[in-house]
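One-letter residues, chain by chain:
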Amino acid sequence: EVLLLAPLPDLLLAPLKEEFVCHDWHQSKDKDGLLNRHGANIRAIIGAGGTTYHLSLLRDLPSLQIICVFGVGYDGVPLDYCKQRGIRVTNTPDVLTEDVADIALALVLMTSRKLVPATKFLQAGLWTRGNFELTTKPGGKRAGILGLGRIGKAIARRLEAIGMQVGYCCREKQPNVSYQYFFSPAEMAAWCHYLIVACPGGEQTKNLVNAQVLFALGSDGTLINIARGSVVDENALISALQGGFIKGAGLDVYAEEPYVPKKLLKMENVVLLPHVGSGTMETRKAMADLVVANLTAYFNGKPLPTLVPELA
Ligand code: 8YV
């Protein structure tokens, strides 16, 4: 029996329901009743990348053996606890890399070229009265990528292709990478025009982009976040945008999804997307296939295709 912790697409639910008895925790109006009736039999949990896998729930599932995250980021999973109990954790790496990087590039272009206001301008019938305002060329500008993993590298390739200069910041300088390396986020923010957040979420990166980093990014700087809302201090971001300390922001992720601060909704210098980075049919199908492959491998005693590295 499997517990579903997040809203999941039919292309995952359909194959799952063929092989497993699924209980929808996310939709359930009687969670206590569900736990009382089925808690003892639940052997697997499936949730999304941004889901929090609360310890209080995991402790109530004595037969739990595996958590399959429908997403690459597993910052919501208490890994130490899972290690102690021997609970396996899998995710869906690689298959979503290019789509998420596409959205980072899109946010750079949407913010710099003001594509949303340009569309609204045309739709409002204003073009017949004059041309749309001039915007900013991203080519030739500097992009600083916070976190140069698989997704960060795919973003870097795209930004190079439009003529941007790329720098990166992560814990250690990477061998065989020629982009300029920065030790601290603030140092990189002071250098770049676009600060692009592409690192994992979780305690280690919480509020890494704080007021000081945003101040260093400066009034000609734009923040792009396709990673996790937790990496950016959202209140500091709102203040920086309101005070004109930074130029704008392009966001796909937020601290309390799906709730987005009202103050952000009202701003003109932001582009806000509803966490669509991996949201293509092709990629979500590949992610779903990986979740099912991990679950079936586990219950057939086979090696797990994408066990998270910390538990390997
Ligand atoms: C998904 C994600 O939106 O991969 C991740 O970590 O956050 C996203 O790809 C999510 O997991 C699917 O709901």
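Counting restarts for each chain, with residues numbered from 1 along the sequence as it is written. Selection of residues for local features in this predicted model requires a pLDDT of at least 70, selection of side-chain atom pairs for listing and counting requires 80 or more, and totals for whole chains, interfaces and linings are taken over all residues.

**Structural notes on the overall build of the protein**
Okay, so step 1: Helix and strand counts for the protein come out as twelve helices and twelve strands.
Okay, so step 2: Referenced to the eigenvectors of the C-alpha coordinate spread, the extents of the protein come out at roughly 65 × 50 × 30 Å.
Okay, so step 3: Placing a C-beta atom from the backbone of each residue, one calls two residues in contact when those atoms lie within 7 Å. Summarising the internal contacts of the protein: among those between residues at least 6 apart in sequence, 59% fall at separations of at least 24. Runs of E in the DSSP output that reach at least two residues are strands. Runs of H or I that reach at least four are helices, and both are numbered from the N terminus.

**As for the pairing of strand β9 (residues 194-197)**
Okay, so step 1: The alternating pattern of β9 places Y194 and I196 and L195 and V197 on opposite faces, both of which are buried.
Okay, so step 2: Of the strand pairs in this sheet, strand β6 (residues 142-146) and β9 are connected by four bridges, and their pairing is parallel. Residue pairing for β9: A143 is matched across the bridge by Y194.
Okay, so step 3: Two strands pair when backbone bridges link them, and β9 and strand β10 (residues 222-225) are joined in this way by four bridges, in the parallel orientation. Looking at β10, one finds that I196 is bridged to I224.
Okay, so step 4: The handedness of the β9 to β10 crossover, carried by helix α9 (residues 211-217), is right-handed. For every residue, the other C-beta atoms within 10 Å of its own C-beta are counted; 20 or more classify it as buried, 12 or fewer as exposed, and values in between as partly exposed. C-beta atoms are placed from the backbone. A pair of strands is labelled paired if DSSP reports no fewer than 2 bridges between them. Look down the strands so they point away from you; if the path from the first strand over the helix to the second goes clockwise, the crossover is right-handed.

**With respect to the UniProt feature "domain: D-isomer specific 2-hydroxyacid dehydrogenase catalytic" (unreviewed entry) in the protein**
Okay, so step 1: UniProt positions are given in the numbering used here, feature names are shortened, and annotations may be inferred rather than shown by experiment. Residues annotated by UniProt as "domain: D-isomer specific 2-hydroxyacid dehydrogenase catalytic" (unreviewed entry) correspond here to residues 2-308.
Okay, so step 2: Here residues 2-308 runs as 37% helix and 15% strand, with 20 Å between its end C-alpha atoms.

**Considerations on the pairing of β10**
Okay, so step 1: Neither face of β10 is left uncovered, since the one carrying T222 and I224 and the one carrying L223 and N225 both have all their residues buried.
Okay, so step 2: With four bridges connecting them, β10 and strand β11 (residues 248-251) associate as parallel partners. The residue bridging T222 from the neighbouring strand is G248, located in β11.
Okay, so step 3: Traced from β10 through helix α10 (residues 234-242) to β11, the parallel crossover comes out right-handed.

**Digging into the sheet that holds strand β1 (residues 2-4)**
Okay, so step 1: If you trace the five strands from one edge of the open sheet to the other, you get β2-β1-β3-β4-β5, paired in parallel fashion. Since the sheet does not close on itself, it has two edges, and those belong to β2 (22-24) and β5 (88-90), each with one partner. With strand direction ignored, the average angle separating the axes of adjacent strands in the sheet is 20°.
Okay, so step 2: Note: strand β3 (residues 44-48) against strand β4 (residues 66-70), five bridges, orientation parallel. Looking at β4, one finds that I45 is bridged to I67.
Okay, so step 3: For every element, the axis is a line fit to its C-alpha atoms; helices are fit only across the contacting stretch, and the angle between N-to-C directions ranges from 0 to 180 degrees. Helix-sheet contacts for helix α12 (residues 281-299) involve β3, β4 and β5, and the interaxial angle to β4 is about 170°.

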